[in-house]
Amino acid sequence: MSERSRFWIACGAILAGLSVVLAAFADHVLKGNSGIAEVRQFELAVRYQFYHAIALILCGLAGLCGKFRGLNVVAIGFLLGIVGFSGGLFLRVCLPQLHLGPIIPAGAMLWILSWLGLAGIAVTGKNRLIRS
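Novice: Can you walk me through the pattern of salt bridges in this structure?
Specialist: Tallying each qualifying case throughout the model produces one salt bridge. Between arginine 6 and glutamate 3 there is a salt bridge whose closest N-O contact spans 2.6 Å. Highlighted residues: arginine 6 and glutamate 3, both in helix α1 (residues 3-33), separated by three residues, approximately one helical turn. Taking relative accessible area as the criterion, arginine 6 reaches 38% and is therefore assigned partly exposed.

This is the structure in structure tokens:
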């Protein structure tokens, strides 16, 4: 297994596990102490973090099939999207006095571009197979 593939699989697994912890936090702590809008934002951030953690695992698994050009750029986009979108929403709920500006929409844009990049990699099939 390539080093990069292992990295993306591990990153995705850690972020997916963190999603479970954050979902429990939202259910047990936030629901009694926050408004409905804040809880919904937090749960949205958790859900999208989980989806994109799975996308990181998918990038790692794709890396096992060959050396696809652009796959690491796509994975970095997914990771930065998690930080920007989900992280931004977490901060907005937990620290509402912070002004985050375009961080949340930038994270969403990174996800859109990463999904399009992954589709492009799949459609073009541009890869170099690893020969042993």
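Novice: Any chance you could explain the packing of helix α2 (residues 36-65) against helix α3 (residues 71-94) here in plain terms?
Specialist: Geometry of a packed helix pair, given as the angle between the helix axes and the separation of the axes. Put simply, α2 and α3 touch, their axes get as near as 9 Å, and they point 165 degrees apart. Relative to α3, the element α2 is oriented roughly antiparallel. For the crossing formed where α2 meets α3, the hand is left-handed. Grouping the amino acids of the contact of α2 with α3 by side-chain chemistry returns 21 nonpolar, five polar and two charged.

Novice: Help me understand the layout of surface pockets, please; the structure alone is not making it clear to me.
Specialist: Using a probe with the size of a water molecule, rolled over the atoms, empty space left in the structure can be pinpointed. Looking at the largest pocket, its volume works out to about 200 Å³. Considering the residues around the largest pocket, the lining is formed by 15 residues, among which Arg4, Gly63, Gly66, Lys67 and Asn72 are closest to the centre. Elements with a minimum of two residues in the lining of the largest pocket: α1, α2, β1 (67-68) and α3. A per-class count over the lining of the largest pocket returns five nonpolar, seven polar and three charged.

Novice: Please clarify how the confidence of the model for the protein chain should be interpreted in this entry.
Specialist: Atom-level detail of predicted coordinates should not be read off regions where pLDDT is low. Predicted confidence across the protein chain gives a mean pLDDT of 90, with 92% of residues reaching 70 or more. Across the protein chain, element-level confidence peaks in α3 with a mean pLDDT of 96 and bottoms out in strand β2 (residues 127-128) with 55.

Novice: Would you explain the packing of α2 against helix α4 (residues 103-124) in this entry?
Specialist: One can describe the packing of α2 onto α4 by two numbers: an axis separation of 12 Å at closest approach and a directional angle of 30 degrees. As judged from the angle between their axes, α2 and α4 are roughly parallel. Both α2 and α4 take part in a crossing whose hand is left-handed. Of α4, the residues touching α2 (which contributes Tyr48, His52, Ala55 and Leu58) are Trp111, Trp115 and Leu118. In terms of residue class, the contact of α2 with α4 is built from six nonpolar, one polar and no charged.

Novice: How do you make sense of the environment of serine 19 when you look at a structure like this?
Specialist: Following the sequence through the fold, serine 19 ends up in helix α1. Separated by 28 residues in the primary sequence, serine 19 and arginine 47 have C-alpha atoms spaced 7.4 Å apart. If near-sequence neighbours (up to four positions away) are discounted, serine 19 is found in contact with Val46, Gln49 and Phe50.

Novice: Which parts of the structure should I look at to understand the side chain of serine 86?
Specialist: Considering the arrangement of structural elements, one finds serine 86 in helix α3. Judged by relative accessible area, serine 86 falls into the buried class, the value being 0%. In terms of polar contacts, serine 86 uses its side chain to reach the backbone amide nitrogen of glutamine 49, at 3.5 Å. Residues in contact with serine 86, not counting those within four places in the same chain, are Ala45, Tyr48, Gln49, Gly81 and Trp111.

About the cut-offs
- Going along each chain's sequence as written, the residues are numbered from 1 onward.
- In view of the model being predicted, local features appear only for residues whose pLDDT reaches at least 70, and side-chain atom pairs are presented and counted only at 80 or more, with totals across whole chains, interfaces and linings using the full set of residues.
- Note that the side-chain values use all heavy atoms of the structure and ignore hydrogens as well as water.
- Any carboxyl oxygen of Asp or Glu that lies within 4 Å of a side-chain nitrogen of Lys or Arg is treated as forming a salt bridge with it.
- Think of it this way: any DSSP run of H or I at least four residues long counts as a helix, any run of E at least two long counts as a strand, and we number them from the N terminus.
- Residue burial is assigned from relative accessible area. The probe radius is 1.4 Å, only protein chains are included, and a residue is buried under 20% of its type maximum, exposed over 50%, and partly exposed in between.
- All axes here are fitted lines through C-alpha atoms, helices being fitted over the stretch that makes contact, and every angle between N-to-C directions spans 0 to 180 degrees.
- Comment on the angle field: the value is read as roughly parallel under 35 degrees, roughly antiparallel over 145, roughly perpendicular from 65 to 115, and oblique elsewhere.
- Two helices that cross are described as forming a left-handed crossing if the nearer one is turned anticlockwise from the farther one by less than a right angle, and a right-handed crossing if clockwise.
- As a working rule, the residues Ala, Val, Leu, Ile, Met, Phe, Trp, Tyr, Cys and Pro are called nonpolar, Asp, Glu, Lys and Arg charged, and the rest polar, with Gly in that last group.
- Of the grid points, spaced at 1 Å and generated over the protein atoms alone, those admitting a 1.4 Å probe that cannot get out make up cavities, while open sets with protein on both sides within 12 Å along at least five of seven lines make up pockets; any residue with an atom within 4 Å of a point is treated as lining.
- Grid points are joined across faces, edges and corners, and a volume is the space filled by probe spheres set on the points.
- For every residue, the predictor reports its confidence as pLDDT, a number between 0 and 100.
- Note on contacts: a residue pair is in contact if any heavy atoms of the two residues lie within 4.5 Å.
- N or O atoms closer than or at 3.5 Å make up a polar contact, with two conditions inside protein: a donor-capable atom paired with an acceptor-capable one, and, for residues adjacent in sequence, both atoms drawn from side chains.

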